[in-house]
Amino acid sequence: MLAAATYDELLASPATGRYHAGPSWLSFIVDPSLVGVTVWGNPSGEQTLELLQAHERMRPVLAARIGAIIDVRHLEWPTSGAYDAVFGYMAMRRDWLAEYIARVAMVCSPDGPVGAAAAGFFDVSTKPFAAATFTGLAEAMTWIGRTDAEPLAAEVDGLIAEATGTPAPLRRLRQQLASRPGTLSLEEAARALGVTARTLQRQLQTWQTSFRAEQNFAQVRAAKLLLEKGDAPLAAIAADVGCASLSHFSAMFRRVTGETPRDWRRLHGKGE
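Residues numbered from 1 in each chain as written. Predicted model: local features only at pLDDT ≥ 70, side-chain atom pairs only at ≥ 80, totals over all residues. Heavy atoms only, no water.

## Examining unusual backbone geometry
Residue Arg65 is not a glycine yet carries a positive backbone phi of 60°. Counting through the fold element by element, Arg65 comes out in the loop between α2 (45-56) and β5 (66-75). For Gln208, which is not a glycine, the phi torsion comes out positive at approximately 60°. (Helix = DSSP H or I, 4+ residues; strand = E, 2+ residues; numbered from the N terminus.)

What follows is the structure, encoded as C-alpha cells:
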C-alpha cells in the first residue's frame, strides 16, 4: 500500500491500495472491498467521532457491502467518551452502515480490560452487519474473505510499527502491564516476551524508558478510568492499581500527570 498525506489522497485511488496515518490511528483501503483502521493510545470522544466521520467519506469510492477491520490491539485504555462516540454513531448511521458494510472484524488483545471491553462491544451494541472478534490480524482478514491474509496482515503490522514509532516488543509489554497494573514483575514480563530480565531492561533503556516508568504509566491509566467512571475511595483505587498505600499512589500519580488523583477526579470525574 502507498502512503497518502491526506484523506483526499487516500480516497483518490482506492484500487491501488492506500493508507493514511493520523496522530493516534492509521486508516487503510486495501482495495474497494476492504478497509480498516488501527487505533492506539487513548483517543478522546471527539477524536473518535472525527475518525468515524472521516471514514464515512470513503463510501463513494468503495464497493457495496464491504469488509472492515477495526484493530484495537494497541489501544492503551478504553475511555468512556470514545465508546459513547462509537455507540452514538452506530445508532445514528445504522441504515447507512447496513447498506455499506457486510462484515466487521475486530482485532483485540486477549488480555486485560481493553481486550475484554473490545471483545464485548458487539455483544452490547445493535449492529446491522455480521461481526466477530479475533486476536490476530491475519485470522480476522481470513474471516473477511481474503486469500492474501498472511502477507497483507504482515504489511499492515509493518505500517503500524512505522506510524507509532513504537517497537512491537514495547507494545506487547504495555498490553501485559495494562492487564495487571502494578502487579506484573519484570521477570514475569520478560518471560512472556521470550527474553531475560536483563535483556528487557537493556531494550527499554534503548527505547528511552524503563520497566518502572512503563509500570507507573499503566497504573495511572488504570486509575484514571476508575476515577472517571465512579466514586470509589482513593485508597481503594490505590489498592486496585497495585499501590501499597494511598501516599504512594498519590505521589506516583502526581509524578506522572502533574496532578493529584483528587484534583484529576474533580476535573474529569464525578467528584467526591
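Back to the text.
## Some points on the environment of Thr142
Relative to the helices and strands, Thr142 resides in helix α7 (residues 137-144). For the pair Thr142 and Ala218, spaced 76 residues apart in sequence, the C-alpha separation works out to 33 Å.

## Digging into α2
Along its 12 residues, α2 runs 17 Å from first to last C-alpha, staying within 8% of the 16 Å computed at 1.5 Å per residue. All of the buried residues in α2 are Gly45, Thr48, Leu51, Ala54 and His55. (Expected span 1.5 Å × (residues − 1). Buried < 20%, exposed > 50% of the residue type's maximum accessible area, 1.4 Å probe, protein only.)

## Considering the nonpolar core
Ranked by size, the top nonpolar core spans 27 residues in total, and within it Val35, Met58 and Tyr100 carry the most contacts. No other element matches β5, which puts four residues into this core. Look past the residues within four positions of Met58 in its chain and what remains in contact with it is Tyr7, Leu10, Leu11, Ser27, Ile29, Val35 and Tyr100. The next biggest cluster of nonpolar side chains, apart from the first, holds 22 residues, and it includes Ile69, Val107, Phe134 and Ala149. (Core = buried A, V, L, I, M, F, W, Y, C linked by side-chain atoms within 4.5 Å. Contact = heavy atoms within 4.5 Å.)

## Regarding the sheet that holds β5
With respect to topology, seven strands assemble into an open sheet ordered β1-β2-β3-β4-β5-β6-β7, the strand pairing being mixed. On the outer flanks of this sheet lie β1 (2-3) and β7 (130-134), each paired with one strand and no other. Bridge analysis of strand β4 (residues 34-41) against β5 gives seven bridges, and the strand direction is parallel. Bridge pairing in β5 places Thr38 opposite Asp71. Running at roughly 165° to strand β6 (residues 101-107), α7 makes contact with β4, β5, β6 and β7 of the sheet. Along the sheet face, helix α8 (residues 149-164) touches β2 (18-21), β3 (25-31), β4 and β5 and points at about 150° away from the line of β3. (Pairing = 2+ DSSP bridges. Axes fitted to C-alpha atoms, helices over the stretch in contact; angles between N-to-C directions.)

## So, the packing of helix α12 (residues 211-229) against helix α14 (residues 246-257)
Interhelical geometry of α12 versus α14 gives an angle of 100° and a closest axis separation of 10 Å. With respect to each other, α12 and α14 are oriented roughly perpendicular. Facing Arg212, Asn216, Phe217, Gln219, Val220, Ala223, Lys224 and Leu227 of α12, the residues of α14 in contact are Phe249, Met252, Phe253, Arg255, Val256 and Thr257. When the residues that make up the contact of α12 with α14 are grouped by side-chain class, the tally is eight nonpolar, three polar and three charged. (Parallel < 35°, antiparallel > 145°, perpendicular 65-115°, else oblique. Nonpolar A, V, L, I, M, F, W, Y, C, P; charged D, E, K, R; others polar.)

## Overview of the environment of Pro23
Among the secondary structure elements, Pro23 is positioned in the loop between β2 and β3. Accessibility expressed as a relative area gives 70% for Pro23, which makes it exposed. Each C-alpha atom, one on Pro23 and one on Arg94, is 27 Å from the other, the two residues being 71 residues apart in sequence.

## Quick word on the packing of aromatic side chains
Counted under the stated rule, the structure contains four aromatic pairs. Ring geometry for Tyr7 against Trp25: centres 6.0 Å apart, planes inclined by 55°, an arrangement best described as tilted. Of this pair, Tyr7 sits in helix α1 (residues 7-12) while Trp25 sits in strand β3, and the two are 18 residues apart along the sequence. With relative accessibility at 9%, the residue Tyr7 sits in the buried group. Ring geometry for Phe134 versus Trp143: centroids 5.6 Å apart, planes at 50°, classification tilted. Classification of Trp143 by relative accessible area gives partly exposed; the value is 23%. Site record: aromatic cluster; members linked through ring pairs are Phe249, Phe253 and Trp264. (Phe/Tyr/Trp six-rings, centres within 6.5 Å; stacked < 30°, edge-to-face > 60°.)

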